[in-house]
Amino acid sequence: QVQLVESGGGLVQAGGCLRLSCVASGVTFSVYAMGWFRQAPGKEREFVAAINWSGGRTDYPDSVKGRFTISRDNAKSTVYLQMNSLEPEDTAIYYCAADLSTATRVSLNQHEYDYWGQGTQVTVSS
């Protein structure tokens, strides 16, 4: 079965950085788009980043654009989220997700993703 396992979360001071990783198994990773989402306490889950199969197309919301970078290593079946200039508002559980319906598109819509990891906590202190 498909499994996505995130790692790399933790506690960091405002202005710091973290790199999240998500390793996929049970799926031909290199042919699917991947995404990162986050959910803060009391808030809806929101889109953070997405990347197509080759890494040639990415998308971000304005809230993280210029600070976060999504990338992937298909040989390692891993997608990354490099987070710089972290702010307390970035505190949330971060989830990676796989969109098995496409290789080329990137979707902001969480309902288009088929598989999800268990999440990794990111806490940014002020």
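Before going into details, it helps to say that this report is about the structure given with it.

Here is what the cut-offs are and how they apply
- Residues numbered from 1 in each chain as written.
- Predicted model: local features only at pLDDT ≥ 70, side-chain atom pairs only at ≥ 80, totals over all residues.
- Heavy atoms only, no water.
- Phe/Tyr/Trp six-rings, centres within 6.5 Å; stacked < 30°, edge-to-face > 60°.
- Helix = DSSP H or I, 4+ residues; strand = E, 2+ residues; numbered from the N terminus.
- Buried < 20%, exposed > 50% of the residue type's maximum accessible area, 1.4 Å probe, protein only.
- Pairing = 2+ DSSP bridges.

**Regarding the packing of aromatic side chains**
Point 1. The full count for this structure, using the stated rule, is four aromatic pairs.
Point 2. Pairing Phe37 with Phe47 gives two aromatic rings, centres 5.7 Å apart and planes at 70°, and the pair type is edge-to-face. Here Phe37 is found in strand β4 (residues 33-39), whereas its partner Phe47 is found in strand β5 (residues 46-51), with 10 residues between them in sequence.
Point 3. Judged by relative accessible area, Phe37 falls into the buried class, the value being 1%.

**What about the pairing of strand β3 (residues 18-25)?**
Looking down a regular strand, the side chains alternate between one sheet face and the other.
Point 1. By the bridge criterion, five bridges tie strand β1 (residues 3-7) to β3 in an arrangement that is antiparallel. Following the sheet pairing, Gln3 is matched in β3 by Ser25.
Point 2. As paired elements, β3 and strand β8 (residues 78-83) share six bridges and run antiparallel to each other. Its bridge partner being in β8, Leu20 is matched across the sheet by Leu81.

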